[in-house]
Amino acid sequence: RRRAHTSSRAMSGDQTQLVAALQATLSADATARASAEQFLAARSATDNFSLQLLQLAAQDGVDGMTRQCAAVAFKNVVKKHWAPVEPDEVGAQAPRETPESEKAAVRGAIVGLMLRAPKLVAAQMSEALSIVCTSDFPERWSGLLPELVTRLGTAGGGEFN
């Protein structure tokens, strides 16, 4: 399978490694896919990983397939770590919860990024937004409705479906 072109402009080594792992999740090689999935699972337990994925999904210089992979991974991290549930097994370790500072940064960025993202990326961000809203709205995200009204009421904002 041909590797998709990704701009290396201003991309750190860490981000290059993340892009490679995201692209490897689409590999026909089961070993490469498993390795990439292990890498992403390990990274999902680190601070600011959801922000790195969100930023990568929104980055214009990155190819569409990588952006979509980043958006899917972002949605999965939000689903698993935003408001984790206790495991069913006795003695099992509870999933790591996303720190409040990271949650605040995601809440501050997701709506604007979702509204300007390509449709397939925006669809994944919309699912993540729904998870965040279920957990945080209105108690911890009182500014969501005013932001939506402002953004959807501006020129070009009505294009979001």
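Each chain has its residues counted from 1, following the order in which its sequence is written. With pLDDT at 70 or above as the cut-off, local features in this predicted model cover only qualifying residues; side-chain atom pairs require 80 or more to be listed or tallied, and sums for whole chains, interfaces and linings still use all residues. To get the side-chain values, take all heavy atoms of the structure and skip hydrogens and water.

## Quick word on the overall build of the protein chain
A helix here means a DSSP run of H or I that spans at least four residues, while a strand means a run of E at least two residues long, and both kinds are numbered starting from the N terminus. Scanning the protein chain from N- to C-terminus turns up seven helices and zero strands. When the elements of the protein chain are put in sequence order from the N terminus, they spell out α-α-α-α-α-α-α. When each of the 161 residues of the protein chain is scored for burial, the buried share is 39%. For every accessible area listed, the method is Shrake-Rupley and the probe measures 1.4 Å; residues are considered covered only by the protein chains on display. Element-wise, carbon and sulfur atoms account for 54% of the exposed surface of the protein chain, whose accessible area totals about 9,100 Å². The buried label applies to any residue whose accessible area, calculated with a 1.4 Å probe on protein chains only, is under 20% of its type's maximum; exposed applies above 50%, and partly exposed to all values in between.

## Some details on the confidence of the model for the protein chain
Predicted confidence across the protein chain gives a mean pLDDT of 89, with 89% of residues reaching 70 or more. Known as pLDDT, the predictor's per-residue confidence is scaled from 0 to 100. Any pair of residues with heavy atoms lying within 4.5 Å of one another is described as a contacting pair. Across residues 1-8, confidence stays below pLDDT 50; counting only partners more than four residues off in sequence or on other chains, it has 14 contacts.

## Some thoughts on the side chain of S50
Mapped onto the fold, S50 is located in helix α3 (residues 49-58). Overall, the relative accessible area of 2% leaves S50 in the buried class. Those residues in contact with S50, other than ones at most four positions away along the chain, are F74, V77, T98, E102 and V106.

## Description of the nonpolar core
Taken as a class, soluble globular proteins show a tendency for nonpolar side chains to be buried jointly. By nonpolar core we mean a set of buried residues, namely Ala, Val, Leu, Ile, Met, Phe, Trp, Tyr and Cys, connected to one another through side-chain atoms within 4.5 Å. Within the largest apolar cluster, 39 residues are counted, with the highest numbers of intra-cluster contacts made by L22, L53, F74, I110, M125 and W141. Looking at this core, the elements that each hand over two or more residues are α1 (13-24), α2 (30-43), α3, α4 (64-81), α5 (100-116) and α6 (119-136). Not counting residues up to four positions away in its chain, the partners in contact with L53 are L18, L22, A70, A73, F74 and V77.

## Quick look at α4
To estimate the expected span of a helix, count its residues, drop one, and scale the result by 1.5 Å. Between the first and last C-alpha of α4 there are 25 Å, a value that for 18 residues agrees with the 26 Å anticipated at 1.5 Å per step. Of the residues making up α4, those classed as buried are T66, R67, C69, A70, A71, A73, F74, K75, V77, V78 and H81. On its buried side, α4 packs onto α1, α3, α5 and α6.

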